[in-house]
Amino acid sequence: MSIVRKKIILLGLVAPLACGFLSQCNVTSSIQGFSANDFSTIMEYGLGAEDFAQDHNEYAWSMDYFVPDGASEGFLYVGTCNNLGQFTLARMMEALGSGSVDDLPFMQPEIVRYRPEQGSQAWETVLDFRDIPGTDEYRTLGFRYMTQYRAQSDGVNYLYASTMGDYPAIWRSATGEPGSWTEAWRLEQFGSIRYMEEHNGILYIAVANDDPYLPAIGTIWATDGATYWKAIDDGFGNADNREIECLISWNGWLYAGTSNYATGYEIWRFAGPDRPVAEAVRVVAYGGPDSRNETVGTPYVFKDKLYMGSLLFVGGVNPSTGNGFKGFDLIRITKDDSWETVVGPDSISGYGSGFNFFTNAYLWQMEEHNGWLYATTFDQANALVSLATNFSSILDMFQKNTGSKASSVKELIEYLFNKGMRSGADMFKSPDGVQWYPVTLNAFGVETTHGFRTMKSVGDTFYVGTADDVVGMTVYRAQDPEPVQ
């Protein structure tokens, strides 16, 4: 390959990223909703530098605001994910025949709650896996999802938190207080409980295998708060629907999004007003606008339409399919089951995949606040910039005689995780689902923050939790301005 051709290829890699960073701009004053300047930090360094050094709290992986029965006020709760970056690296190395996740220390996660009355950055631990006898065997990475459910079995409103690990489990508390948490249910398999959603008085539970190298099929469990049973056990009749990634109750139905590496994600509705669970209806197939959309994992209802965003595992490159370097797509579904592309090919917004950044591999979260829909991303931009910057050394690494292809891939993966993973997550906002405006394109200036993982609107306050495996998770807060007198 000529030097000129190499430079052209390198320019092709760098140009989209450079254009993205150069397009950073302040939202005009005529546009309402939050701007980057409205957000302040209420947690940093993964619960503090000392705590991060011990536990490696990387992700604010789950978030909810919970008011117990009989209480007048509640608290913001956050479930952590610990050491996920190194776990992912170890799992990929294991698949290449080098090392084992068994050699990796599992750093026990925790659930914390915000105590603003004690200080602007005061947090209290309410559940720490380290303190629970026997949980070492779970090898749990974190609390992946959190929701409230008033159990049909006893009428009590509980805060539920689900985990990822060797034995994915559901923990719950009626008060949220330290010492009040109990394990409600667990599975004897590796994976995670990715979503929990109440529908017609029953809590439905989406189970994912979370391992792209192993065969799996999507399952959904259900509970009334006391008894647990399988609602879907066959991937909606499609063996390629390997995981159920999300659930949402809307329009009288329960909607489920799948992960499908063969033909692209599918969206189904079931447990509706005129059909039993067994008679599910497929609403979207083949990854919606692009069959490379392997997973749909971000549901949200906004202005009477159901929005669904895609993800491309793992970290934007799926090692088992080879799909990668593609931005997410966002669609919305109407009550008659028709759908249109909001962000992606031929979109109604005019934005291409990933809000025109192919590095935005995940649409990670959506949340409405004060009439605006906010959408956040996992952005691998700086990882790819780092690769482009070191293109010659990367090329040399692949060309040298290492003895096997696997060892070359191993070195590249290690480079990505240990040197190149620097990203600046994006946040966009929309008043109508069609017009979208950037809030930040560089994670409020913290380039190591590769994702805005969670969001929660509570009254006049908006909370955002991050994913950052370098300096630890951060939680931001924005508040509506006081009305003009």
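1. Observations concerning the environment of glycine 264
Thinking step 1. As for its placement among the helices and strands, glycine 264 is situated in the loop between strand S15 (253-260) and strand S16 (267-270).
Thinking step 2. On a C-alpha basis, the gap between glycine 264 and serine 291 in space is 4.4 Å, while along the polypeptide they are 27 residues apart.

2. Focus on the pairing of strand S22 (residues 360-369)
Thinking step 1. In terms of burial, S22 is a largely internal element, nine of the ten residues being buried.
Thinking step 2. Relative to strand S23 (residues 372-379), S22 runs antiparallel, the two sharing eight bridges. Within S23, the residue paired with glutamate 368 across the bridge is leucine 373.
Thinking step 3. Taking the residues between adjacent antiparallel strands as the criterion, S22 and S23 are bridged by two residues, where asparagine 370 takes a positive phi near 55 degrees.

3. With respect to the environment of glutamate 279
Thinking step 1. Structurally, the position occupied by glutamate 279 is in the loop between S16 and strand S17 (281-284).
Thinking step 2. Classification of glutamate 279 as partly exposed rests on a relative accessible area of 40%.

4. Regarding the packing of aromatic side chains
The relative placement of two aromatic rings is captured by the distance of their centres and the angle of their planes.
Thinking step 1. Tallying each qualifying case throughout the model produces 34 aromatic pairs.
Thinking step 2. Here the aromatic rings of tyrosine 59 and tryptophan 61 are separated by 6.1 Å at their centres, their planes lie at 75 degrees, and the arrangement is edge-to-face. With respect to burial, tyrosine 59 and tryptophan 61 carry one shared label: buried.
Thinking step 3. An angle of 55 degrees between the planes, with centres 5.5 Å apart, marks the rings of phenylalanine 355 and tryptophan 436 as tilted. Here tryptophan 436 lies in the loop between strand S24 (427-430) and strand S25 (437-440) and phenylalanine 355 lies in the loop between strand S21 (339-343) and S22, a separation of 81 residues in the sequence.
Thinking step 4. Overall, the relative accessible area of 5% leaves tryptophan 436 in the buried class.
Thinking step 5. One aromatic cluster in this structure is built from Phe34, Phe39, Tyr374, Phe444, Phe452, Phe462 and Tyr476.
Thinking step 6. The lysine or arginine in question, arginine 172, covers the ring of tyrosine 158, its NZ or CZ lying 3.8 Å from the ring centre.

5. A look at unusual backbone geometry
Thinking step 1. Despite not being glycine, aspartate 346 has its phi angle at roughly 55 degrees, a positive value.
Thinking step 2. Counting through the fold element by element, aspartate 346 comes out in the loop between S21 and S22.
Thinking step 3. Overall, the relative accessible area of 80% leaves aspartate 346 in the exposed class.
Thinking step 4. Despite not being glycine, asparagine 370 has its phi angle at roughly 55 degrees, a positive value.
Thinking step 5. Relative to the elements of secondary structure, asparagine 370 occurs in the loop between S22 and S23.

6. Side note on the pattern of salt bridges
Thinking step 1. Under the definition given, this model contains 17 salt bridges.
Thinking step 2. Residue arginine 139 is joined to aspartate 166 by a salt bridge in which the shortest nitrogen-to-oxygen separation is 2.6 Å. Within this pair, whereas arginine 139 is found in the loop between strand S5 (123-128) and strand S6 (140-150), its partner aspartate 166 is found in the loop between strand S7 (157-165) and strand S8 (169-173), the two being separated by 27 residues in sequence. Take arginine 139 and aspartate 166: they sit in the same class, and that class is buried.
Thinking step 3. Note that glutamate 340 and arginine 332 form a salt bridge whose closest N and O atoms lie 2.8 Å from each other.
Thinking step 4. The structure contains a network of salt bridges with shared partners spanning Arg113, Arg115, Glu117, Glu124 and Glu177.

7. What about the pairing of strand S18 (residues 295-302)?
Thinking step 1. Counting buried positions along S18 gives seven out of eight residues, so the element sits mostly inside the fold.
Thinking step 2. In terms of strand pairing, S18 meets strand S19 (residues 305-311) through seven bridges, oriented antiparallel. Among the inter-strand pairings, valine 301 is bridged to a residue of S19, identified as leucine 306.
Thinking step 3. Joining the antiparallel neighbours S18 and S19 is a turn of two residues, in which lysine 303 adopts a positive phi near 50 degrees.

8. Examining the environment of threonine 182
Thinking step 1. Looking at the element boundaries, threonine 182 is found in strand S9 (residues 182-186).
Thinking step 2. Residues threonine 182 and tyrosine 160 lie 22 residues apart in sequence; the distance between their C-alpha atoms is 9.9 Å.
Thinking step 3. Not counting residues within four places of it along the chain, the set of residues in contact with threonine 182 comprises Ile170, Trp171 and Arg172.

9. Some points on the confidence of the model for the protein
Thinking step 1. With 80% of its residues at a pLDDT of 70 or more, the protein shows a mean pLDDT of 85.
Thinking step 2. Note that residues 401-406 has pLDDT below 50 and, in this model, five contacts with residues that lie over four places away or in other chains.

10. Digging into the side chain of aspartate 166
Thinking step 1. Assessed through its relative accessible area of 19%, aspartate 166 is described here as buried.
Thinking step 2. Within polar-contact distance, the side chain of aspartate 166 engages the side chain of arginine 139 at 2.6 Å.
Thinking step 3. With residues up to four places along the chain from it excluded, the contact list for aspartate 166 reads Glu137, Tyr138, Arg139, Leu187, Gln189 and Phe190.

Conventions and cut-offs
Residues numbered from 1 in each chain as written. Predicted model: local features only at pLDDT ≥ 70, side-chain atom pairs only at ≥ 80, totals over all residues. Heavy atoms only, no water. Helix = DSSP H or I, 4+ residues; strand = E, 2+ residues; numbered from the N terminus. Buried < 20%, exposed > 50% of the residue type's maximum accessible area, 1.4 Å probe, protein only. Pairing = 2+ DSSP bridges. Phe/Tyr/Trp six-rings, centres within 6.5 Å; stacked < 30°, edge-to-face > 60°. Lys NZ or Arg CZ within 6 Å of the ring centre and 35° of its normal. Salt bridge = Lys/Arg side-chain N within 4 Å of Asp/Glu carboxyl O. Contact = heavy atoms within 4.5 Å. pLDDT = per-residue confidence, 0-100. Polar contact = N/O pair within 3.5 Å; in protein donor to acceptor, adjacent residues only side chain to side chain.

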